[in-house]
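So you can see what is in the structure, the chains are spelled out below.
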Amino acid sequence: MSSSPMFDDPLLQHFMNTFYGYGNYKGDYWFVGMEEGGGNSFTNIVRRLQDWDHRGRLELEDIVTYHAEIGVKRFFGSHPKLQPTWNRLIRIELSARGKDVHTENVRAYQKEHFGRQNSTNCLVELLPLPSPSLGHWLYAQHSQLPYLISREDYTKHYAPHRAEHLRQHMHEYKPKCVVFYSISLGYVYWWKRIAGVEFRKIDASDPLYIAKNEHTLFAITRHPVAKGVKNEYFHQVGKMLHQA
């Protein structure tokens, strides 16, 4: 028998089946990532699961109040630190709206409007479990669920169902813009599957793709924390969405 502390597997399974991210499906701007960062330790993940449970097991959480519950407050408050991923997604939305992307405007938007339950946006993930990197996988040693033995098994088990769930929700809610982003270009397969439309590459030298259906403009972009990518890249993506 393993000597490692174990997750509450029924709760963990319900979380993986139910939780998709933050914000408001009725918002005009959707941001779809591979998975949430964080989850560096068993203790951190247990707290996330327990607080999600106590707050009602919601499909979309409020990013501010949920993070306050799990003890992450530095990205909110009177002068919040800019979160590396969120602040660049915010730059896309502000630019797409024709708004000023001055750093203090981005900070204010992160503090008050990004990922809130009454916001104009949502931040959702293809895969449900938080992880600090693709090479980090602690779930196998703390769970008896067979599809958590490896990241590969987990992805095969969850990605198809969750991709279909997101596809159906996009069809139902018809957001104005959906922006997909990931470190690995291997996830482009899933972004195309969710969107259900043919993408065209904007620049031969850059992994930026655009597609459109009757209701929604789709973009596949670099990840906000990809090496060497500057704020201006995300401003330009937003401007392109604004002009499309």
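Each remark here, short or long, concerns the structure printed above.
Residues numbered from 1 in each chain as written. Predicted model: local features only at pLDDT ≥ 70, side-chain atom pairs only at ≥ 80, totals over all residues. Heavy atoms only, no water.

*Asks:* Can you walk me through the pairing of strand β7 (residues 206-212) in this structure?
*Replies:* Regular strands have side chains that alternate between both faces of the sheet. Buried residues dominate β7, accounting for 6 of its 7 residues. Across 3 bridges, the pairing between strand β6 (residues 200-203) and β7 is antiparallel. Within the sheet, the bridge partner assigned to arginine 200 lies in β7 and is isoleucine 210. Alignment of β7 against strand β8 (residues 217-221), held across 4 bridges, turns out to be antiparallel. When the bridges of β8 are listed, alanine 211 appears paired with phenylalanine 218. The loop that links β7 with its antiparallel partner β8 comprises 4 residues. (Buried < 20%, exposed > 50% of the residue type's maximum accessible area, 1.4 Å probe, protein only. Helix = DSSP H or I, 4+ residues; strand = E, 2+ residues; numbered from the N terminus. Pairing = 2+ DSSP bridges.)

*Asks:* Just to check I follow, could you spell out the sheet that holds strand β3 (residues 60-61) for this structure?
*Replies:* Two modes of strand pairing occur in sheets, parallel and antiparallel, and in both the strands are linked by backbone hydrogen bonds. Judged by pairing direction, the sheet is mixed, and its 8 strands sit side by side in the order β3-β1-β4-β2-β5-β8-β7-β6 without closing on themselves. Unpaired on one side and paired on the other, β3 and β6 mark the two borders of the sheet. Contacts between helix α4 (residues 86-96) and the sheet are confined to β2 (29-33), β4 (121-125) and β5 (177-181), with β2 contributing the most and set at about 150 degrees to the helix. (Contact = heavy atoms within 4.5 Å. Axes fitted to C-alpha atoms, helices over the stretch in contact; angles between N-to-C directions.)

*Asks:* Mind showing me how you'd approach helix α5 (residues 103-112) here?
*Replies:* Think of an α-helix as 3.6 residues a turn; residues three or four steps apart then line up on the same face. Looking only at α5, the buried set comprises Val106, Arg107, Tyr109 and Gln110. For α5, the buried positions fall inside an angular range of 165 degrees around the axis, keeping them on one side. The elements touched by buried residues of α5 are α4 and β4. (Arc of directions from axis to C-beta.)

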